[in-house]
Amino acid sequence: MNPMTQTMKFQPVLDEIAATLRPQLGQGGTVASYIPALARVDARQFGIALRTCEGEEAGAGDFETPFSIQSVSKLFTLTLAMQRMGDTLWERIGREPSGNPFNSLVQLENEQGKPRNPFINAGAIAVADRLVSQALANGDNGSNGNSAKADILALMTSLCGEPIGFDDEVAQSEADTGFRNIALANFMKSFGKIDNDVAAVLDTYFHQCALRMSCRQLARAAAFLCRDGAHPLDGEPGITGERQTRRINALMLTCGTYDAAGDVAFSIGLPCKSGVGGGIVAVVPDKLTLCVWSPALDATGNSLLGMKALEMFVARTGLSVF
Ligand code: GLU
């Protein structure tokens, strides 16, 4: 199909979703308040954007407004770790849904410090540890902090084709109040599951969560996931291999939306990764990637209107992996 026709097909769908949901802004859900810098975000915002495999982009609502991507970043740090370590990554991290809160300590104790999957906080902290090790192996002497953060920025900037940065205020706010994450990292260290200095690992983790991106940028950055790992912009293969790409999508479907993953598979049927900043990235393999954002969260910690928007998108387009 002509790429232009595809965009024209999707733009009215996005416009309609944004128009339908706009009256519901501020009507339900709550913004994440356990990170003070996020508690100040205006809940009455909604954006939606997509990018097709052919490279066409469409967006509606506040799709150009940057927000704190939070746990959506776990998708990209996992990608970096898989690029660099291949299957050895799975010696440290499992691939099962946790069935426990994303920041739970209990399961880690029972499982000797091996996190259930890379999308709960413990798993993402373990991934950050791997990235710090890789940065050190590549000659980073740690004197300027650590370059795992630079590696993350380089990946995001390359995928988007435009500069991406951290929100230092959010990163600091997380560092000041992230007692549970500090506990998780130290707990894993006590089991010998974190190799590096805990402070350096957490600095990486807090900064990845504090990446500031818009729906348009996130839909674009994740686009390698709908095209077998090829770079979103130049189409070069190898951001991830084909098999790795399938695996990331499988993990998103089973573990990407906190304890709602079963419901999301049931009602939306797309691999998704959400964050407490209110963003959700969704993949329609071989077709497109979507990003929705609205800061007010439902009881499961997923964006309330973001999930409604994805349900509407799937209902109107018939796109689903099932
Ligand atoms: N930075 C947040 C935390 O560590 C991320 C949580 C999330 O988005 O799931 O708690």
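Cut-offs used in this document
- Residues numbered from 1 in each chain as written.
- Predicted model: local features only at pLDDT ≥ 70, side-chain atom pairs only at ≥ 80, totals over all residues.
- Heavy atoms only, no water.
- Pairing = 2+ DSSP bridges.
- Helix = DSSP H or I, 4+ residues; strand = E, 2+ residues; numbered from the N terminus.
- Contact = heavy atoms within 4.5 Å.
- Axes fitted to C-alpha atoms, helices over the stretch in contact; angles between N-to-C directions.
- Near = heavy atom within 4 Å.
- Polar contact = N/O pair within 3.5 Å; in protein donor to acceptor, adjacent residues only side chain to side chain.
- Areas by Shrake-Rupley, 256 points an atom, 1.4 Å probe, with all protein chains shown as cover.
- Nonpolar A, V, L, I, M, F, W, Y, C, P; charged D, E, K, R; others polar.
- Buried < 20%, exposed > 50% of the residue type's maximum accessible area, 1.4 Å probe, protein only.
- Salt bridge = Lys/Arg side-chain N within 4 Å of Asp/Glu carboxyl O.
- Core = buried A, V, L, I, M, F, W, Y, C linked by side-chain atoms within 4.5 Å.
- Expected span 1.5 Å × (residues − 1).

1. A short note on the sheet that holds strand E4 (residues 165-166)
With antiparallel pairing, 3 strands are arranged side by side in an open sheet as E3-E5-E4. Since the sheet does not close on itself, it has two edges, and those belong to strand E3 (67-68) and E4, each with one partner. Note that E4 and strand E5 (residues 211-213) share 2 bridges and pair antiparallel. By the bridge assignment, Phe166 is partnered in E5 with Leu211. Sitting on the sheet, helix H9 (residues 198-209) touches E3, E4 and E5, and the angle it makes with E5 is about 15°.

2. Considering the site of the ligand
Taken together, 13 residues lie near the ligand, and Tyr34, Gln70, Ser71, Glu174 and Tyr258 sit nearest. Here an oxygen atom of the ligand and a side-chain polar atom of Ser71 are 2.5 Å apart. Considering the ligand on its own, with 290 Å² of exposed area, one finds that the protein chains cover 99% of that surface. Classifying every residue of the shell around the ligand by side-chain character gives 7 nonpolar, 5 polar and 1 charged.

3. Here's the deal with the pairing of strand E1 (residues 47-52)
In terms of burial, E1 is largely enclosed, as 6 of its 6 residues are buried. Burial along E1 is two-sided: Gly47, Ala49 and Arg51 and Ile48, Leu50 and Thr52, pointing in opposite directions, are all buried. Sheet topology places E1 next to strand E2 (residues 57-61); 5 bridges connect them, and they run antiparallel. Directly across from Arg51, in E2, lies its bridge partner Glu57.

4. Quick notes on the environment of Val276
Of note, Val276 is situated in the loop between strand E6 (272-274) and strand E7 (279-284). Given the relative accessible area of 7%, Val276 is considered buried.

5. Points about the pattern of salt bridges
According to the stated counting rule, one finds 19 salt bridges in the structure shown. Measuring nitrogen to oxygen at the nearest pair gives 3.4 Å for the salt bridge that ties Glu162 to Arg220. Pair noted here: Glu162 is in the loop between helix H6 (148-160) and E4 and Arg220 is in helix H10 (residues 215-221), with a separation of 58 residues, a long-range link. The same class applies to Glu162 and to Arg220, which are both buried. In this structure, a network of salt bridges that share partners links the residues Arg51, Glu57, Glu64, Glu162, Arg216 and Arg220.

6. Considerations on the sheet that holds E6
Picture the strands of a sheet paired through backbone hydrogen bonds; they go either parallel or antiparallel. With respect to topology, 5 strands assemble into an open sheet ordered E2-E1-E8-E7-E6, the strand pairing being antiparallel. Here the strands that pair on one side only, and so sit at the sheet edges, are E2 and E6. The mean angle between the axes of side-by-side strands here comes to 10°, regardless of whether they run parallel or antiparallel. Bridge count for E7 against strand E8 (residues 288-293) is 6 bridges, and the pairing is antiparallel. Within E8, the residue paired with Val281 across the bridge is Cys291.

7. What about the nonpolar core?
Residues Phe76, Ile125, Met156 and Leu218 are the most contacted members of the largest nonpolar core, which totals 64 residues. Sorting elements by how many residues they give to this core places helix H5 (residues 121-137) first, with 9 residues. Once you skip the residues sitting within four places of it in the chain, Phe76 turns out to touch Leu155, Met156, Leu159, Leu218, Ala221, Ala222 and Phe224. In terms of nonpolar packing, the next biggest core, distinct from the first, is built from 31 residues, Val13, Ala260, Leu290 and Leu310 among them.

8. Comments concerning helix H3 (residues 73-85)
Its 13 residues place the ends of H3 18 Å apart at the C-alpha level, agreeing with the 18 Å of an ideal helix rising 1.5 Å per residue. Of all the 13 residues making up H3, 11 are buried; the element is thus mostly covered by neighbouring parts of the structure. For H3, the full list of buried residues reads Ser73, Lys74, Leu75, Phe76, Thr77, Leu78, Thr79, Leu80, Ala81, Met82 and Met85. Just beyond H3, the residue with positive phi is Gly86, at close to 60°.

9. A short note on the environment of Gly269
Position of Gly269 relative to the elements: it lies in the loop between helix H12 (261-267) and E6. Looking at Gly269, the relative accessible area reads 1%, which means it is buried. When the C-alpha positions of Gly269 and Asn100 are compared, they lie 21 Å apart, and in sequence the two are 169 residues distant. In contact with Gly269, other than residues within four places in its own chain, are Leu253, Val264, Ser320, Val321 and Phe322.

On their own, these measurements won't tell you what the molecule is for.
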